[in-house]
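This is what each chain is made of:
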Amino acid sequence: MIIDKLVKKIQETNAPIVVGLDPMLDYVPDHIKEEAFLQWGETLEGAAEAIWKFNKGIIDEIYDVVPAVKPQIAMYEQFGIYGLATFKKTVDYCHEKGLIVIGDVKRGDIGSTSSAYATAHLGTITIGENKFKPFDEDFATVNPYLGTDGIAPFTDVCADEGTGIFILVKTSNPSSGEFQDREIDGEKLYEIVAKKVDEWGAGLIGECGYSSVGAVVGATYPEVGKVLRSIMPKNYILVPGYGAQGGKAEDLAAYFNDDGLGAIVNSSRGIICAYKKDQYAEFGAKDFAKASRAAAIDMREDINKYR
């Protein structure tokens, strides 16, 4: 199961962290953009090529110090078909480097539509006598708002393919409480969703003792994280919100189990834009990827102090 591979990679790197490959064009150093635009012009294709070169540089520097990456598909979709091609190229290259890929796609629908989403990102499609894995991520993020009808097609594909999902439970954004904190029969909505995550993941427990069905719980709500950890003892927690969104390492201890496992913490801008921070200014734009490596190592040490 993919959760076993993820846990093994976390243990090998001693890094319960995931790098969010969420590039905006203004994150990309000028020399990379200039080279791409010289070849393709200031076009969608040129922008997608610049994003690819940026991603590749970072991947080449971090693949041996982190277990996983999390490309956010919207950052690629904004460049149309060319952007999606870069997304796929990024996923494939990460796999070549031995990284686990969490596709941050936040899909959520029902019936054949949900099945199609699951096939596209986590499964296999048969065309005639040939089989293809369209995007081929290892995990995908999923929105549970439509209930079991929206989740079951994903867990079915995960069972067949050995892939996994992370279900949105308590997100890190400021307005998440508008819905997620609502009380129903004395329970917060996020607690009800967490109980369903525990239920949905019960049939996909790996040898490591964790399920390939995980949860997304923001770093910005550590007290909530503590509650949800107790509700979902066997579900891995993907923790966004560290760094740029205000989440601090000292607040994350409750997200982990006593075995030091159970959570993987995401940082996007804090790593891929490290070269723009004063702390890593010595690297400069030319060595942006080396700055990202240094930031990833610093994050690993920071999280492990409290793990």
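Residues numbered from 1 in each chain as written. Predicted model: local features only at pLDDT ≥ 70, side-chain atom pairs only at ≥ 80, totals over all residues. Heavy atoms only, no water.

Undergrad: Break down unusual backbone geometry for me, citing the residues and quoting the values.
TA: Peptide bonds are, in most cases, trans, and in most cases residues other than glycine have a negative phi. Even without glycine at this site, D136 takes up a positive phi of about 70°. Turning to its location among the elements, D136 is positioned in the loop between strand 5 (130–132) and strand 6 (139–142). Its identity is not glycine, yet D185 carries a phi of approximately 55°, on the positive side. Inspection of the secondary structure assignment puts D185 in the loop between strand 8 (183–184) and strand 9 (187–188). On the accessibility criterion, D185 (81% relative accessible area) is exposed. (Helix = DSSP H or I, 4+ residues; strand = E, 2+ residues; numbered from the N terminus. Buried < 20%, exposed > 50% of the residue type's maximum accessible area, 1.4 Å probe, protein only.)

Undergrad: Describe the packing of aromatic side chains, with residues and values.
TA: In the structure shown here, the tally under the stated rule is seven aromatic pairs. With a centroid separation of 5.4 Å and 70° between ring planes, the pair formed by Y76 and F87 is classed as edge-to-face. Of the two residues, Y76 is situated in helix 4 (residues 74–77) and F87 in helix 5 (residues 80–96); the sequence distance between them amounts to eleven residues. Across the pair, F87 and Y76 agree in class, each one buried. Ring plane angle 35° and centroid distance 4.9 Å describe the contact between F139 and F166, whose orientation is recorded as tilted. Here F139 is found in strand 6, whereas its partner F166 is found in strand 7 (residues 164–170), with 27 residues between them in sequence. (Phe/Tyr/Trp six-rings, centres within 6.5 Å; stacked < 30°, edge-to-face > 60°.)

Undergrad: Describe in detail the environment of K195, supporting the description with residues and values.
TA: Looking at the element boundaries, K195 is found in helix 9 (residues 189–200). When residues no more than four places from it in sequence are discounted, the contact partners of K195 are E187 and I231. (Contact = heavy atoms within 4.5 Å.)

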